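This is what each chain is made of:
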Amino acid sequence: MASGTIYRRETPSGASSWVAHATWQEGGKRRQSKRSFRTKKEAQAALTELLAAHQTATFVAPSRMPLCDFVEPWLAALENQGRKPTTLRGYRKSLDAYVLPRLGDVGLQELRASDLDALYAELLRSGGRRGQGLSMTTVHHVHAAMNKMLHDAERKGLVIRNVAKLANAPTLTTARAKGPEMRVWSPDELARFLASIGGNRNEVLFRLMAMTGIRRGEVVALRWSDVELNGHRLTVNQAATVMDGVEVVAVPKTRRSRRVIDLDPDTVSMLQRHRARQREQFLMLGVSATASDRVFTNEIGEPLRPNSVGQAFRRLVDAVDLPVIRLHDLRHTHATHLLMAGVNVKVVSERLGHSSVSFTLDTYGHVMPGQQAEAAAAAAALLGDRTRR
């Protein structure tokens with residue numbers, strides 16, 4: 001049976017802290033645990049949790065392993081489980097850049113929610129280069145890495161609980177709300193842009209993005225084997241990213257991102273002409289028609305780099321008198337036009353490969369004006385004259 005107490009401890013410098021001190025018998029030997037906290041309330045809560053863990057036989061013996069020593073074996077285990085390289089790279093970047101320099105020497109089991117609260121607050125305030133604050137999205141990614149790592153540590157019995165669940169971190173909704181502002185073109189503006197790039201080697205690529213909402217990495221990785229020209233549709237089966245200068249092609253991260261997208265007749269016609277020109281170009285260059293199945297390539301038949309597509313789009317936008325938008329805003333533009341045209345939001349969500357219809361509504365609900373008024377009028381119409389006196 002474990003027992004314990006809390007007491008206040010003062011240092012010669014005058015600083016003070018509260019200590020949760022517990023003792024128990026293990027293997028015929030007396031064991032003890034001492035943990036320091038800033039407040040009496042935190043110390044009491046920790047002691048209560050520790051004693052309850054002993055009572056329910058869920059106690060995890062204190063480990064001296066610091067956070068920095070757990071990161072590498074944890075990432076290696078995730079790699080062995082088949083996690084995507086981009087996911088692992090994101091975890092490593094968040095931990096190496098923002099967590100380990102500040103909390104790397106803290107013991108896994110000594111880590112507290114208040115430590116993470118202070119970390120996130122510091123990152124938001126001055127965690128970037130030259131002391132600038134990080135974005136909500138970046139700090140959310142740091143929190144996601146910590147949450148996953150501590151969840152796995154809890155599952156392996158290395159910590160009593162995942163304190164990241166108790167931390168005050170930016171939620172994904174908050175992070176997105178603070179992210180880059182969404183800008184879209186009107187149907188007239190999109191038509192003007194598409195007309196302005198007629199004859200450009202990337203004309204079909206940007207037409208396809210504008211008319212399907214397909215993501216940059218998805219369009220770069222698109223293969224002719226994924227396109228059914230006779231069936232007027234394409235299937236998103238993979239996406240491309242670049243890691244350390246090397247292209248990485250993998251299946252989309254979520255099940256809903258693997259999707260079938262129907263194509264309009266004009267886009268199909270443009271794809272047919274594009275394929276014919278591509279085959280002629282390969283023949284002139286002496287490139288085998290089977291050397292690359294990619295729908296969009298550079299001048300010598302090599303896959304396009306995602307960044308180069310974004311740069312090409314910016315140059316074309318700068319050359320025409322239109323509001324400046326990002327390449328990703330073509331996706332937002334497509335979704336907005338569909339909703340403005342009255343297309344069912346579930347269809348829009350499926351077309352974009354969103355995780356849920358609710359996400360689509362949260363993102364684009366503001367572009368459906370009059371929905372509330374229409375709903376009120378429809379409800380009243382069902383009653384007709386029956387309630388009039």
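Use the structure listed above.
Residues numbered from 1 in each chain as written. Predicted model: local features only at pLDDT ≥ 70, side-chain atom pairs only at ≥ 80, totals over all residues. Heavy atoms only, no water.

Student: Any details on the layout of surface pockets? Residues and values, ideally.
Tutor: To locate leftover empty space, one rolls a probe as large as a water molecule over the atoms. The calculated volume of the second largest pocket comes to roughly 290 Å³. Every residue lining the second largest pocket is counted, 17 residues in all, and those nearest its centre are Arg 35, Arg 112, Ala 113, Arg 161 and Val 163. Of all the secondary-structure elements, those providing two or more residues to the lining of the second largest pocket are strand 3 (29-37), helix 1 (40-55) and helix 4 (113-126). With 4 residues, the top contributor of residues to the lining of the second largest pocket is helix 1. (1 Å grid on protein atoms, 1.4 Å probe; cavity = no way out; pocket = protein on both sides within 12 Å on 5 of 7 lines; lining within 4 Å. Points joined across faces, edges and corners; volume = space filled by probe spheres on them. Helix = DSSP H or I, 4+ residues; strand = E, 2+ residues; numbered from the N terminus.)

Student: An account of the sheet that holds strand 5 (residues 233-236) is requested, with residue identities and associated values reported.
Tutor: Across a sheet, paired strands are connected by hydrogen bonds in the backbone, their directions being either parallel or antiparallel. Across the sheet, which stays open at both edges, the 3 strands sit in the order 4-5-8 with antiparallel pairing between neighbours. Every other strand in the sheet has two partners, leaving strand 4 (227-228) and strand 8 (259-262) as the edge strands with one partner each. Two elements, strand 5 and strand 8, share 4 bridges in a ladder whose sense is antiparallel. Counterpart to Thr 235 in the pairing with strand 8 is Val 260. (Pairing = 2+ DSSP bridges.)

Student: Provide a residue-level description of the environment of Leu 271, including the pertinent values.
Tutor: Relative to the assigned elements, Leu 271 resides in helix 10 (residues 265-285). Since its relative accessible area comes to 1%, Leu 271 is described here as buried. Along the chain, Leu 271 and Trp 224 lie 47 residues apart, while their C-alpha atoms are 10.0 Å from each other. Not counting residues up to four positions away in its chain, the partners in contact with Leu 271 are Val 204, Leu 208, Trp 224, Leu 229, Leu 263, Val 295 and Phe 296. (Buried < 20%, exposed > 50% of the residue type's maximum accessible area, 1.4 Å probe, protein only. Contact = heavy atoms within 4.5 Å.)

Student: Before we move on, could you go through unusual backbone geometry and cite the residues and values that matter?
Tutor: Even without glycine at this site, Arg 130 takes up a positive phi of about 55 degrees. On the secondary structure map, Arg 130 appears in the loop between helix 4 and helix 5 (136-155). What makes Arg 130 exposed here is its relative accessible area of 77%.

Student: So what's going on with the pairing of strand 7 (residues 246-250)? Residues and values would help.
Tutor: Side chains on a regular strand alternate between the two faces of the sheet. Relative to strand 7, strand 6 (residues 239-243) is paired through 5 bridges, and the arrangement is antiparallel. Across the sheet, residue Val 242 finds its bridge partner in strand 7, namely Glu 247. Linkage of strand 6 to strand 7, two consecutive antiparallel strands, is achieved through a turn of 2 residues, within which Asp 244 is found at a positive phi near 55 degrees.

Student: Account for the environment of Leu 338, naming residues and giving values.
Tutor: Counting through the fold element by element, Leu 338 comes out in helix 12 (residues 329-340). Residue contacts for Leu 338: discarding those within four places in its chain leaves Val 343, Val 348 and Arg 351.

Student: Explain helix 8 (residues 203-212) to me, and be specific about the residues and the numbers.
Tutor: Of all the 10 residues making up helix 8, 9 are buried; the element is thus mostly covered by neighbouring parts of the structure. What helix 8 keeps buried is the set Glu 203, Val 204, Leu 205, Phe 206, Arg 207, Leu 208, Met 209, Ala 210 and Thr 212. Within two residues after helix 8, Gly 213 carries a phi angle of roughly 75 degrees, on the positive side.

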